[in-house]
Each structure stands twice: as structure tokens, then as C-alpha cells.
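Okay, here's what each chain looks like letter by letter:
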Amino acid sequence: MNRKGQILLLAIIFLASVLLYSTSRLKKPSPNFLEYNGELQSAELIHIARLYWSSENSTIDRLLTILYSLSNENKVSMPIVSYKCNFTLVPGQRGYAWYYTVYNNSVSFRAYWSWEFKGFYIKNLYGEKLLYKSYLLIYYHNYTAPQWDSMIIYPSLDDDMRIADLTYFGEGIWSIGFPARYTEYIFVDEYGLKVVVKE
Amino acid sequence: MRALEAVAISVIFVIFSAYFHVIAVYKPPSLHVYSVNRALAWLLLRSDSLPYTGKLKGLIVELIPSVVYFDDGESIIYFRDSARVYSFRIVWLGYNGTLSPRVVVVGVEP
């Protein structure tokens, strides 16, 4: 190889090195990963808990089995979890209750409500005067997960019997009223959970 | 000698081209995976009934501008063409106490 050829070869090697180095510097750094286990997986577990408490027929084990089966079929990564469930209701003129599900990966679902008796009033219902009891009700859901810490939402409430009074003040605070002859009244939230007010 | 120079130059050029191609074309998944995961998680937390009431599609388009296609388990809707699509799957098991499993697939352009 003559001198000119050697110099040309060196120049090409140098040019290629400079271009490659420039290209590598221009590329933006991005994280590289195989599988992301995050908010969606925690949301699936919250969804399971919500569906369980709104259902009369399904157990959490059955719902988790279906979720794992569908996740495996569709290549969705879902962690295997264990759980604890608890329903508590403390009746009275000032009572409270909750549905609670907690998983062993720090994901939890809680639907909490409390009520306080405020007094009586008369309501004209279909031409008949009825004595109603009035309560102040606080109702909210609390979803916790490592990805978002704690999230509070205020689901809407409904009355299936269409005889109760429901007024929403915001921030999960409701004024409710139902016929005084009932010692227990059941409302339903937008997810199908039963909200029981019991004296 | 000229031939040797030509071969040497060609070899250098081929190595350069291959390495340049790998750097330019291959890119690891970008941060959109995190943002799409969060958006889909929010939809699942917001409502159990979205795929059953037909409201999911509109919310997906609103929250994920780079959506390429949407499959709610009954029909597939394509919003645009794309050479590179990442698919995300969400499992809805039902709502209001009723079990009705459905897998929703959302294709997103990175």
C-alpha cells in the first residue's frame, strides 16, 4: 500500500470514528427494560376488590384465578398475591362501616362511610305524609398502592327503592333521609357496593 | 496495492454502515410505557363499566394522543397507520357485581 493509500485509509477510519461518536452522543438516553410492573397491576387488584364487594356470588379467589388466567393468555404481567378482607359495621345513631381488602404487595382497597343522626322531618310521598329520619353521611373510597401512595375518591350514591332523599355537598358529604320506620337502609354506590346505614 | 486499498476502505465502510444502522434504528422502549400505564390504570380505577358502556374509546383517545388502535374485545378501531406499535392490555372482569371478563387492547405509537 503506498503512502497516499495509507493516509486515505487513516482518514476514513478517523472520519468513521468521529461520525459514530457524534451519532452516539446525539441519541437520547432511554431506560431499557423487559417488563414493567406498575400502576396497571395495582389498579387491576383494586378492581378485583371493588368487584368482590359489589358481588354476591364471586369470591376473591375466583376473581383472582380468572385474572391470572386471562393475564397469562394475553401476556399481561400480574404478581401472585395473597389478601385479607374485612367488613365492619358499627350501628347506632352515630355509626360507621367499611369494606376493606389488603394484598400482600401493599395494595389496598377501603370503602368507608359514617353517619350521624340529625333529626326528623315530614315528607309528602305519593300524597301520604311520612316521618323521615335525616342523617349526615360521609362516604369515600381509599385506594393505596406503592405507585401512588393513597388516592381518595368520592363515588356517587343511589337509592334503588326511590323513596330516600339524597343531597350531595361535595368531598364525600351527603345529607340523606329515609322513612323512620326503617332501622336499616341500604344505598348503592356507582360501583355497586351496598352502603348500609343502620341504627 | 490499489486493490488492497480498495478492500481496506470497503471493510471500514461496511463496519461503519453496520454500526451506524444499529445505533440509528434500534432504540430501547421509551418512557411512553410509563405514561400509558398510568393512563390505563386511571381509567380502570375511575370506572369498572367503561368497556361495557361504550365510553372507553373516547377516553382512550383523549388521554392517549398517540393511540394507533383500540380493541375492546368486540371490535377493533384503527385511528392511524404506524410502523411501530406497542400493545397494552387491560383486563376488566365486570362491574356492579356482574362477572363479565373482557380484555381491552390499546396499541400506542412510541
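Keep in mind the model is a prediction, meaning the values are calculated, not measured.

### Considering the pattern of salt bridges
Tallying each qualifying case throughout the model produces 11 salt bridges over all chains. Here Asp158 of chain A ties to Arg162 of chain A by a salt bridge, and the two come within 3.0 Å at their closest N and O atoms. By relative accessible area, Asp158 of chain A is classed as partly exposed at 35%. The exposure class assigned to Arg162 of chain A is exposed, which follows from its relative accessible area of 52%. Among the ionic pairs, Arg80 of chain B bridges to Glu109 of chain B, the shortest N-O distance being 2.8 Å. Placement of Arg80 of chain B in the loop between strand E2 (76-78) and strand E3 (86-95) and of Glu109 of chain B in the segment after strand E4 (98-108) is noted, with a sequence separation of 29 residues between them. Several salt bridges share partner residues, and in doing so they unite Arg94, Glu116 and Lys118 of chain A into one network.

### Here we look at the side chain of Arg50 of chain A
Inspection of the secondary structure assignment puts Arg50 of chain A in helix H2 (residues 39-54). Classification of Arg50 of chain A by relative accessible area gives buried; the value is 0%. Looking at Arg50 of chain A, its side chain comes within polar contact range of the main-chain oxygen of Leu45 of chain B, at 2.7 Å. Sequence-distant contacts of Arg50 of chain A, defined by excluding residues within four places in its chain, comprise Phe109, His141, Tyr143, Tyr191 and Leu193 of chain A together with Leu44, Leu45, Ser47 and Asp48 of chain B.

### Section: unusual backbone geometry
Within the chain, Asp149 of chain A stands out as a residue other than glycine whose phi angle is a positive 65°. When you line up the elements, Asp149 of chain A lands in strand E5 (residues 149-153). The exposed category is assigned to Asp149 of chain A, whose relative accessible area is 60%. Despite not being glycine, Asn96 of chain B has its phi angle at roughly 50°, a positive value. Looking at where Asn96 of chain B falls in the secondary structure, it is placed in the loop between E3 and E4.

### Description of the packing of H2 of chain A against helix H3 (residues 60-73) of chain A
Residues and elements named next belong to chain A. Between H2 and H3, the shortest axis-to-axis distance is 10 Å and the interhelical angle comes to 140°. As the angle between them shows, H2 and H3 are arranged oblique. Between H2 and H3 lies a crossing whose hand is right-handed. For the pair H2 and H3, the contacting residues are Glu44, Leu45, Ile48, Leu51 and Tyr52 in the first and Ile60, Leu63, Leu64 and Leu67 in the second. Residue classes in the contact of H2 with H3 are distributed as eight nonpolar, no polar and one charged.

### Brief notes about the sheet that holds E2 of chain B
Pairing is antiparallel across the open sheet formed by four strands, whose spatial order is E2-E1-E4-E3 (chain B). At either end of the open sheet lies a strand with only one pairing partner, and these are E2 and E3 of chain B. The mean angle between the axes of side-by-side strands here comes to 20°, regardless of whether they run parallel or antiparallel. Contacting E3 and E4 of chain B, H3 of chain A crosses the sheet at an angle of about 155° to E3 of chain B. Its contacts with the sheet put helix H4 (residues 56-63) of chain B on strand E1 (67-71), E2, E3 and E4 of chain B, and the angle it makes with E1 of chain B is roughly 160°.

### As for the packing of aromatic side chains
The final tally for this structure, using the stated rule, is 19 aromatic pairs over all chains. Look at Tyr182 of chain A and Tyr185 of chain A: their rings are 5.5 Å apart centre to centre, the planes differ by 85°, and that puts the pair in the edge-to-face class. Overall, the relative accessible area of 1% leaves Tyr185 of chain A in the buried class. Ring plane angle 40° and centroid distance 5.8 Å describe the contact between Tyr69 of chain B and Tyr78 of chain B, whose orientation is recorded as tilted. Taken together, the aromatic side chains of Phe117, Phe120, Tyr135, Phe178, Tyr182, Tyr185 and Phe187 of chain A make up a single cluster linked through ring pairs. A cation over an aromatic ring shows up here: Arg50 of chain A above the ring of Tyr191 of chain A, its NZ or CZ 4.0 Å from the ring centre. Its end group placed over the ring of Trp98 of chain A, Arg110 of chain A keeps NZ or CZ at 5.7 Å from the ring centre.

### Remarks on the pairing of E1 of chain B
Residue and element names in this part refer to chain B. The element E1 is largely enclosed, with a buried count of five among its five residues. Looking at chain direction, E1 and E4 are connected through four bridges and run antiparallel. Among the inter-strand pairings, Val67 is bridged to a residue of E4, identified as Val108. Note that E1 and E2 share three bridges and pair antiparallel. Across the sheet, the residue bridging to Phe70 is Ile77, located in E2. In textbook terms, the turn of a hairpin is the stretch between consecutive antiparallel strands, and for E1 and E2 this stretch comprises four residues, one of which, Gly73, has a positive phi near 95°.

### Examining the confidence of the model for chain B
On average, residues of chain B carry a pLDDT of 82, and 90% of them reach 70 or more. Two summary scores accompany this predicted model of the complex, namely pTM at 0.76 and ipTM at 0.73.

Analysis parameters
Residues numbered from 1 in each chain as written. Chains lettered and ligands numbered in written order. Predicted model: local features only at pLDDT ≥ 70, side-chain atom pairs only at ≥ 80, totals over all residues. Heavy atoms only, no water. Salt bridge = Lys/Arg side-chain N within 4 Å of Asp/Glu carboxyl O. Buried < 20%, exposed > 50% of the residue type's maximum accessible area, 1.4 Å probe, protein only. Helix = DSSP H or I, 4+ residues; strand = E, 2+ residues; numbered from the N terminus. Polar contact = N/O pair within 3.5 Å; in protein donor to acceptor, adjacent residues only side chain to side chain. Contact = heavy atoms within 4.5 Å. Axes fitted to C-alpha atoms, helices over the stretch in contact; angles between N-to-C directions. Parallel < 35°, antiparallel > 145°, perpendicular 65-115°, else oblique. Left-handed = near helix turned anticlockwise from the far one by under 90°. Nonpolar A, V, L, I, M, F, W, Y, C, P; charged D, E, K, R; others polar. Pairing = 2+ DSSP bridges. Phe/Tyr/Trp six-rings, centres within 6.5 Å; stacked < 30°, edge-to-face > 60°. Lys NZ or Arg CZ within 6 Å of the ring centre and 35° of its normal. pLDDT = per-residue confidence, 0-100.

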